[in-house]
Amino acid sequence: MSQIRILLVDDHAVVRAGLRMLLAADPELEIAGEAENGAAGVRLARELAPDVVLMDISMPDMNGIEATRRIR
């Protein structure tokens, strides 16, 4: 069975670390990458082609709503 690849996008490092720790406990999940703002999230989503993007809504440079629109 292949793992579900997840991209974490949040401007708070402690939130990303907590999510990474929780998700890493499940062997069916893989953290494909992390980004600290929406613009970096869009770039990484295109580069890494994750199965799921876990996106914060309120971030500097580009909010999560706009980043999600661009990824879609």
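Honestly, the environment of R70 in this entry has me stumped. Any pointers?
Relative to the helices and strands, R70 resides in helix 3 (residues 64-71). Overall, R70 belongs to the partly exposed group, its relative accessible area being 45%. Residues R70 and V15 lie 55 residues apart in sequence; the distance between their C-alpha atoms is 23 Å. Apart from residues lying up to four places away in sequence, R70 is in contact with V42, R46 and M62.

What should I look at first to understand the sheet that holds strand 1 (residues 4-9) in this one?
Whether parallel or antiparallel, the strands of a sheet pair through hydrogen bonds between backbone atoms. One open sheet accounts for 3 strands, arranged 2-1-3; its pairing is parallel. This sheet does not close on itself; its edge strands, each paired only once, are strand 2 (29-35) and strand 3 (52-55). Strand after strand, the sheet turns through a mean of 25° between neighbouring axes, direction not considered. With 4 bridges joining them, strand 1 and strand 3 adopt parallel strand pairing. Counterpart to I6 in the pairing with strand 3 is V52. In this fold helix 2 (residues 38-48) packs onto strand 1 and strand 2, with an angle of close to 160° to the strand it touches most, strand 1.

Would you mind showing me how to read the environment of R5 here?
Along the polypeptide, R5 turns up in strand 1. With 18 residues separating them along the chain, R5 and L23 place their C-alpha atoms 11 Å apart. If sequence neighbours within four positions are ignored, R5 has contacts with E30, A32, L48, A49, P50, D51 and V52. Looking at R5, its side chain comes within polar contact range of the main-chain oxygen of L48, at 2.8 Å.

How should unusual backbone geometry be read in this particular structure?
Excluding glycine, residues mostly carry a negative phi; peptide bonds, for their part, are mostly trans. One non-glycine residue, A49, lies in the positive phi region at around 45°. Within the element layout of this structure, A49 appears in the loop between helix 2 and strand 3.

Rules used throughout
- In this convention, every chain numbers its residues from 1, walking through the sequence in written order.
- Local features are withheld for residues below a pLDDT of 70 in this predicted model, meaning they are given only at 70 or higher, and side-chain atom pairs are given and counted only at 80 or more; totals for whole chains, interfaces and linings count all residues.
- For the side-chain quantities, the full set of heavy atoms in the structure was used; hydrogens and water were omitted.
- By definition, any uninterrupted DSSP run of H or I lasting at least four residues is a helix, any uninterrupted run of E lasting at least two residues is a strand, and each is numbered from the N terminus.
- Throughout, exposure labels follow a simple rule: accessible area from a 1.4 Å probe, protein chains only, divided by the maximum for the residue type, with under 20% read as buried, over 50% as exposed, and the rest as partly exposed.
- In this description, contact between two residues means that some pair of their heavy atoms is separated by no more than 4.5 Å.
- Two strands make a pair as long as DSSP finds a minimum of two bridges between them.
- A fitted line through C-alpha atoms serves as each axis, taken over the contacting stretch for helices, and the angle formed by two N-to-C directions is quoted from 0 to 180°.
- Here a polar contact means two N or O atoms within 3.5 Å. Within protein one must be a hydrogen donor candidate and the other an acceptor candidate, and residues neighboring in sequence count only if both atoms are side-chain atoms.

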